[in-house]
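A look at the structure
Spelled out, the chains give:
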Amino acid sequence: MKTVYFDNNATTKVDEAVFEEIKPYFCGLYGNPSSMHTFGGQVGIKIRNAREKAAELLGCDPSEIIFTGCGTESDNTAIKGTLAAYPDKRKVITTRVEHPAVLTVCRELESHGYNVVELGVDKNGRLDLNELEDQLDEDTAIVTIMFANNETGTIFPIQKIGEMVTSRGIVFHTDAVQAVGKVPINLSKSPIDLLSLSGHKLHAPKGIGILYVKRGTRLTPFMMGGHQEGGRRAGTENVPGIIGLGKACELSKQNFDKEIKHVRHLRDKLEKAILESCPDCMVNGDVENRLPNTSNISFKFVEGEAILLMLDKFGICASSGSACTSGSLEPSHVLRAMGVPFTAAHGSIRFSLSRYNTEEEVDFTIEKIPPVIARLRELSPFVAK
Ligand code: PLP
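These lines cover the structure that appears in this document, whether it is placed above or below.

Rules used throughout
- Residues numbered from 1 in each chain as written.
- Predicted model: local features only at pLDDT ≥ 70, side-chain atom pairs only at ≥ 80, totals over all residues.
- Heavy atoms only, no water.
- Helix = DSSP H or I, 4+ residues; strand = E, 2+ residues; numbered from the N terminus.
- Rg over C-alpha atoms; globule rule 2.2 N^0.38 Å.
- Buried < 20%, exposed > 50% of the residue type's maximum accessible area, 1.4 Å probe, protein only.
- Contact = heavy atoms within 4.5 Å.
- Areas by Shrake-Rupley, 256 points an atom, 1.4 Å probe, with all protein chains shown as cover.
- Lys, Arg positive; Asp, Glu negative; His and termini not counted.
- Charge placed at Lys NZ, Arg CZ, Asp CG, Glu CD.
- Pairing = 2+ DSSP bridges.
- Axes fitted to C-alpha atoms, helices over the stretch in contact; angles between N-to-C directions.
- Near = heavy atom within 4 Å.
- Polar contact = N/O pair within 3.5 Å; in protein donor to acceptor, adjacent residues only side chain to side chain.
- Disulfide = S-S within 2.5 Å.
- Left-handed = near helix turned anticlockwise from the far one by under 90°.
- Nonpolar A, V, L, I, M, F, W, Y, C, P; charged D, E, K, R; others polar.
- Expected span 1.5 Å × (residues − 1).
- Salt bridge = Lys/Arg side-chain N within 4 Å of Asp/Glu carboxyl O.

Attention now moves to the overall build of the chain. Within the chain, the regular secondary structure consists of 12 helices and 15 strands. Over its C-alpha trace the chain gives a radius of gyration of 22 Å, about what one expects of a compact globule, namely 21 Å for 385 residues. Taking the principal axes of the C-alpha coordinates as reference, the chain spans close to 75 × 50 × 40 Å. A buried classification covers 55% of the 385 residues belonging to the chain. The contacts in the chain between residues at least 6 apart in sequence include a share of 73% that link residues at least 24 apart. Accessible surface, the chain: about 16400 Å² in total, of which carbon and sulfur atoms supply 55%. One finds the centroid of the 44 positive side-chain charges in the chain at a distance of 3 Å from the centroid of its 49 negative side-chain charges.

With mixed pairing, 7 strands are arranged side by side in an open sheet as β2-β8-β7-β6-β5-β3-β4. A strand with exactly one partner marks an edge of an open sheet, and here the two such strands are β2 (65-68) and β4 (115-119). Each strand of the sheet is rotated relative to its neighbour by a mean of 20°, with strand direction disregarded. Here 3 bridges tie strand β5 (residues 140-144) to strand β6 (residues 171-175), and the two strands are oriented parallel to one another.

Let us look at the site of the ligand. In the region of the ligand, 13 residues are neighbours, and Thr72, Asp175, Gln178, Ser198 and Lys201 sit closest. Within the side chain of His200, a nitrogen or oxygen atom sits 2.9 Å from an oxygen atom of the ligand. Side-chain polar atom of Lys201 to an oxygen atom of the ligand: 2.5 Å apart, as the coordinates give it. Considered on its own, the ligand offers 390 Å² of accessible surface; in the complex 88% of this is hidden by protein. Looking at the shell around the ligand, the element that brings in the most residues is helix α4 (residues 71-85), giving 3 residues.

Throughout the structure, instances matching the rule amount to 0 disulfides. Sulfur of Cys317: no disulfide; nearest cysteine sulfur belongs to Cys278 and is 19 Å away.

With that settled, the discussion passes to the packing of α4 against helix α5 (residues 100-111). Relative to each other, α4 and α5 sit at 30°, their axes nearing to 9 Å. α5 is crossed by α4, and the crossing has right-handed handedness. For the pair α4 and α5, the contacting residues are Thr72, Asp75, Asn76, Ile79, Lys80 and Leu83 in the first and Ala101, Val102, Val105, Cys106, Glu108 and Leu109 in the second. Considering only residue class, the contact of α4 with α5 consists of 7 nonpolar, 2 polar and 3 charged.

Overall, antiparallel pairing links the 4 strands, which are arranged β9-β10-β15-β12 in an open sheet. Because the sheet does not close on itself, it has two edges, and the strands there are β9 (281-284) and β12 (319-320). Of the pairings in the sheet, the one linking strand β10 (residues 294-299) to strand β15 (residues 348-352) comprises 5 bridges and is antiparallel in character. By the bridge assignment, Ser298 is partnered in β15 with Ser348. The sheet contacts of helix α8 (residues 239-277) involve β9, β10 and β15, and relative to β10 the element is tilted by about 10°.

Right, let's get into unusual backbone geometry. Positioned with a positive phi, Glu229 is a non-glycine residue whose angle comes to about 50°. Here Phe301, not a glycine, exhibits a phi torsion of approximately 70°, which is positive. With respect to the helices and strands, the residue Phe301 is situated in the loop between β10 and α9 (304-312). With a relative accessible area of 24%, Phe301 lands in the partly exposed category.

Attention shifts here to α5. Count 3.6 residues to each turn of an α-helix, and residues three or four apart come out pointing the same way. End to end, α5 covers 16 Å across 12 residues, agreeing with the expected 16 Å (1.5 Å per residue, within 8%). If you check which residues of α5 are buried, you get Ala101, Val102, Leu103, Val105, Cys106 and Leu109. Among the structural elements, α4, β3 (91-95), β4, β5, β6 and α10 (333-337) are those in contact with the buried residues of α5. Downstream of α5 by one or two residues, Gly113 has phi in the positive range, about 95°.

Taken as a whole and judged by the stated rule, the model has 23 salt bridges. Across the salt bridge formed by Glu229 and Arg51, the nearest N and O atoms sit 2.8 Å from each other. Note that Glu229 is positioned in the loop between β8 (209-213) and α8 and Arg51 in helix α3 (residues 38-58), a separation of 178 residues in sequence. Judged by its relative accessible area of 8%, Glu229 is buried. Between Glu378 and Arg375 there is a salt bridge; the shortest N-O distance is 2.8 Å. Of this pair, Glu378 and Arg375 both sit in helix α12 (residues 359-379), 3 residues apart, which is roughly one turn of the helix. One continuous salt-bridge network, built from bridges that share partners, spans Asp15, Glu259 and Arg355.

Here it is, written out as structure tokens:
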């Protein structure tokens, strides 16, 4: 059975060209880039190239790129490293819809006495910037707000938010793990001080990330030890990961317009067909400002997990907005923050596409979904018979 992979916000396929690029660095060119000898030194040159390619994609200087172990590490470093650099400031501002890589850190900080403000969102997942403005004060060390939401694809007005925050001398961090490669980003013209990204969302391998640190931004290192990454992130480099991420950044920059057009067309076709063929469906998120690859649809009166299991029988991979916690199915914190009603939040499915998806895959899925939903509704206790 063929796999139809619509779960690219969870992780992406490593691009074949990325794989070819990193292959020599496992068994052949396995030197340590910190070594004095030529064998290790040649690896150091490749890391330099990768840093340049990442900087080109982001529109920044290579010296502003720190390679990390993943998006989660970049987020942790940004928040904890800023607080350590500003020990007198005790306030952190974030949103209720962040990924756990930010939200869990902030909630832990709260238990250590920090004043953490979680901004709410409206029913479309949008922030009220007046609320943010009211919260900015002398005690605020950092504002951390995601570029785009991983569940709904909603894109926040990062330029505007960044200007509001940094004009008051407050550090601005954005988790751009879902945005890089899907929305144009030019850090040379942006008020962003710190930005996180993750390789495995960009057709690079898992276990590699980047933290962009704008020149002049105060940040205490999170990982301490050796002098790697200019002393800003200790630990022997994930050489294949870094080289792979460099290649992935190059490919993303080269193919950006074509790729975005392709995924947007397929996403729109899939979404439109589902809404037309299944009654009682709704799209979650801000459809005007949304990642081009993401569609989060609530199928009212059915369980998301049941839909996923039935789609899985056809090889269709998507993800649901609920998380199974201690035996009870809790709807996602993002949909709850948006006030999506219980009967809709439980039946939410996220389809997230990539450059590898095809018209045939979309047509196949469009054919399979309506009977799956109809069958589940027949069995649903929420639907009047
Ligand atoms: N931030 C967002 C918005 C994400 O979607 C993810 C992963 O899903 C992460 C952070 C964590 O990235 P990583 O898996 O590289 O730790």
